[in-house]
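What follows is the residue order along each chain.
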Amino acid sequence: MTKVTYTDAQGQQHVLDVSAGTSIMAAAVTHGIDGIVGECGGNLMCATCHVYVDPRDADRLPEMSDDEEAMLEDAVAEHRPTSRLSCQLVMSDDLEEIHVEMPSEQL
Amino acid sequence: MNAVSNVPSSSLDPFSAEYRADPYGSQAELRSLGPVVRLEKYDVWACPRYDEVMEILRLPEQFRSGAGVGLSDLTREKHWRKPSILLENDPPHHTRVRNALNKVLTARNIRRLRDAFEERAVTVVDGLASKSSFDGVAELARPFPLDVFPDAVGLTADDRENLLAYGRMVFDGMGPRNEIWEEVMEHAEEVTSWITAQCRREALTPGGLGDQVYATVDEGQLDEEEAALVIRSFLSAGVDTTIFALGTALLCFANNPDQWDYVREDPSKRIRPAFEEVLRYESPFQMYFRTSTKRTELAGATIEEGDKLLVMVASANRDPGHWDEPERFDASRSAVGHVAFGHGIHTCVGQMIARLEAETLLGELARRVERIELTGEPVWQPANTLRGLAELPLTISPARGA
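Residues numbered from 1 in each chain as written. Chains lettered and ligands numbered in written order. Predicted model: local features only at pLDDT ≥ 70, side-chain atom pairs only at ≥ 80, totals over all residues. Heavy atoms only, no water.

Enquirer: I would appreciate a short explanation of the overall build of chain A in the present structure.
Expert: Within chain A, the regular secondary structure consists of two helices and five strands. Taken from the N to the C terminus, the helices and strands of chain A come in the order β-β-α-β-α-β-β. Computed over the C-alpha atoms, the radius of gyration of chain A is 12 Å, within 12% of the 13 Å expected from 2.2 N^0.38 for a compact globule of 107 residues. Taking the principal axes of the C-alpha coordinates as reference, chain A spans close to 30 × 30 × 25 Å. Pairs at least 24 residues apart make up 65% of the contacts formed inside chain A by residues separated by at least 6 positions. Carbon and sulfur atoms form 43% of the exposed surface of chain A, whose accessible area is close to 5200 Å². Here chain A contributes 5 positive and 21 negative side-chain charges, whose respective centroids are spaced 8 Å apart. (Helix = DSSP H or I, 4+ residues; strand = E, 2+ residues; numbered from the N terminus. Rg over C-alpha atoms; globule rule 2.2 N^0.38 Å. Contact = heavy atoms within 4.5 Å. Areas by Shrake-Rupley, 256 points an atom, 1.4 Å probe, with all protein chains shown as cover. Lys, Arg positive; Asp, Glu negative; His and termini not counted. Charge placed at Lys NZ, Arg CZ, Asp CG, Glu CD.)

Here it is as structure tokens:
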């Protein structure tokens, strides 16, 4: 289990326990957290699960693929160095706690 | 393939008129038999549940597409056309083609289509104002994609009905050689040469998506022949499927007026998720095949090299093992994770264009139409692997002030 804290654009926080093998996007969608859409279901087609990761967590997360990087360039909200697609952030047991911020818009 | 005693088998024929009369009942029957069911008539494995469908789609090296995604094995039988380098292909070649295409079908590029789609949606809905009743397929679901999508690709020809004929050849051609197969292949030669001519660089509008695919040739990512085949894929996979999705969307909202009310309360937010629910509930591309590359176990069944597996995505989208109340059309549900566009490396490359088409057309309707009602029985198109409407008699009531 990883404790994932989602902070929305208004500063409101949601905390979920996400089991290993589940992505931050899938957990958010399952629990109805607004701010992550995940329209394509994790296939790197839509860029609607854009999040900003905490710089302290960045090195511990799965590496970014070229496809993810290319999709992020087209995300609706501002692209920052900490931008990730949360469908690619699959949790594992060695991750205890992760913080992500959600942009104000995804579509 | 050897029949194994502990794996259930069924005499059900998913390409028969009986099956099409009640596909969801038949799918439920298969799901209840087991995760993998031997179909006696075709000697193939049916996979009707969500988990196995996902497992197969996630393992393209084990379950390949290059031997065809229809019933026939392209490594043994001659295909009716030159195989698609997207749909009927495997890595590493598939990866190179897909990567080139991803550079054309970017989210940014697709967003640029919005204005043209919205404008056309207004015109199409305007055209209904004077009609007391009409065929929702002929007046809405068919003309809209047939206009906006080939325009976006850059098709210049007017005789676009050929796209429908070719689409049927592709999707019905995946089934066995039944009556449907014979009917759609009757004019295969003329239709194939028509579409081949439309995919040439000179035939396409400069700046359109097709022309941009040819630009990747200049950059050395594809060759000319590959570019033409990719454009053929656009034109064959992107029309019938979207027409069917829009037609069944109208039917879903006619049958569930409370869901239409729900969407109309906030169309700009609710129409896209509602369309995902339409795709889950009535997946246009209902099922297709994969071929096993080596002996393996799948949910207790021993799959031999060369065995065909029927990947029943529409059934997975109604699997009660994955969805709460799957038989209920619920526009407020999160349908994320449905497999109507597939999953993994072969996931529909045009899916964001399909979503934009649905959002613009259905969104325009939601803002201007209070009620969608049936005035007669909908007619389903007999089809081997797709499901959609041929006719949908409707009447609509305009919203106040619209």
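Enquirer: I'm lost on the sheet that holds strand β5 (residues 134-135) of chain B in this one. Help?
Expert: By definition, the strands of a sheet pair up through backbone hydrogen bonds, in either a parallel or an antiparallel sense. Residues and elements named next belong to chain B. Across the sheet, three strands lie side by side as β5-β13-β10; this open sheet has antiparallel pairing. The sheet terminates laterally at β5 and β10 (369-374), the two strands that pair on one side only. Where β5 lies against strand β13 (residues 393-398), two bridges are found, and the strand directions are antiparallel. Paired with Phe134 across the two strands is Leu394, which belongs to β13. This element, helix α14 (residues 240-255), spans β10 and β13 of the sheet and lies at about 95° to β10. (Pairing = 2+ DSSP bridges. Axes fitted to C-alpha atoms, helices over the stretch in contact; angles between N-to-C directions.)

Enquirer: What am I meant to see in the pattern of salt bridges here?
Expert: Under the definition given, this model contains 38 salt bridges over all chains. A salt bridge links Arg114(B) to Glu118(B); the shortest N-O distance between them is 3.4 Å. Here the residue Arg114(B) and the residue Glu118(B) both occupy positions in helix α6 (residues 114-126), the gap between them amounting to four residues, near one helical turn. In this structure Glu118(B) comes out as partly exposed when scored by relative accessible area, which is 34%. A salt bridge links Arg270(B) to Glu265(B); the nearest nitrogen and oxygen atoms lie 3.1 Å apart. Taking relative accessible area as the criterion, Arg270(B) reaches 22% and is therefore assigned partly exposed. The exposure class assigned to Glu265(B) is exposed, which follows from its relative accessible area of 60%. Taken together, the salt bridges that share partners define one network made up of Glu39(A), Arg114(B), Glu118(B), Arg272(B), Glu276(B), Arg355(B) and Glu359(B). (Salt bridge = Lys/Arg side-chain N within 4 Å of Asp/Glu carboxyl O. Buried < 20%, exposed > 50% of the residue type's maximum accessible area, 1.4 Å probe, protein only.)

Enquirer: How should the interface of chain A and chain B be read in this particular structure?
Expert: Frequently, the measure chosen for interface size is the accessible area that the parts lose on association. Taken together, the 16 residues of chain A in the interface contact 20 residues of chain B. Roughly 1300 Å² is buried in total at the junction of chain A and chain B, and carbon and sulfur atoms are behind 51% of that figure. The largest share of the area that chain A buries against chain B comes from Glu39(A), Met45(A) and Asp74(A), three residues that together contribute 48% of it. Linking chain A with chain B are three salt bridges. (Buried area = accessible area lost by both parts, 1.4 Å probe.)

Enquirer: Can you walk me through the state of the cysteines in this structure?
Expert: Residues and elements named next belong to chain A. Under the defined criterion, the tally for this structure stands at zero disulfides over all chains. Left unpaired, Cys46 is separated from the closest cysteine sulfur, that of Cys40, by 3.8 Å. Cys49 supplies the cysteine sulfur nearest to Cys87, a cysteine that is in no disulfide, at a spacing of 3.9 Å. By relative accessible area, which is 10% here, Cys87 ends up buried. (Disulfide = S-S within 2.5 Å.)

Enquirer: Is there a simple way to explain the confidence of the model for chain A in this structure?
Expert: In low-pLDDT regions, the fine details of the predicted coordinates are not to be read closely. Averaged over chain A, the pLDDT score is 95; the fraction of residues at 70 or greater is 100%. The spread of mean pLDDT over the elements of chain A runs between helix α2 (residues 66-73) of chain A, the lowest at 92, and strand β3 (residues 50-53) of chain A, the highest at 98. (pLDDT = per-residue confidence, 0-100.)

Enquirer: Just to check I follow, could you spell out the packing of aromatic side chains for this structure?
Expert: For any pair of aromatic rings, the description rests on two quantities: the centre-to-centre distance and the angle between the ring planes. Residues and elements named next belong to chain B. As enumerated under the stated definition, the model contains ten aromatic pairs over all chains in all. Measuring from centroid to centroid gives 6.1 Å for Tyr50 and Trp323, while their planes differ by 90°, and the two rings are edge-to-face. With Tyr50 in helix α3 (residues 50-58) and Trp323 in the loop between α17 (313-316) and α18 (351-368), the pair connects residues that are 273 residues apart, well separated along the chain. There is no split in this pair, since Tyr50 and Trp323 are both buried. Counting every residue linked through ring pairs, the aromatic cluster contains Phe253, Trp260, Tyr281 and Phe329. The ring centre of Trp323 lies 5.5 Å from the NZ or CZ of Arg280, which sits over that ring. When the ring centre of Tyr281 is taken as reference, the NZ or CZ atom of Arg318 above it lies at 4.0 Å. (Phe/Tyr/Trp six-rings, centres within 6.5 Å; stacked < 30°, edge-to-face > 60°. Lys NZ or Arg CZ within 6 Å of the ring centre and 35° of its normal.)

Enquirer: Before we go on, may I ask you to explain the side chain of Glu276(B) in this structure?
Expert: Note that Glu276(B) resides in helix α16 (residues 267-281). Discounting residues that sit within four places of it in the chain, Glu276(B) has contacts with Glu39(A), Ala335(B), His338(B) and Arg355(B).

Enquirer: Just checking my understanding: could you explain a negative patch on the surface for this structure?
Expert: All names here are of chain A. On the surface, a cluster of negative charge is made up of Asp66, Asp67, Glu69 and Glu73. Considering the arrangement of structural elements, one finds Glu73 in helix α2. The exposure class of Glu73 is partly exposed, given its relative accessible area of 49%. (Patch = residues over 30% accessible without salt bridge, like charges linked within 9 Å, V, L, I, M, F, W, Y side chains within 5 Å.)

Enquirer: Teacher, can you tell me more about α18(B) here?
Expert: Structurally, the α-helix is built with 3.6 residues per turn, so residues lying three or four positions apart point the same way. Given a rise of 1.5 Å per residue, 18 residues ought to cover 26 Å, and the 26 Å separating the end C-alpha atoms of α18(B) matches this to within 8%. Within α18(B), 16 of the 18 residues are buried, leaving the element largely enclosed by the surrounding structure. (Expected span 1.5 Å × (residues − 1).)

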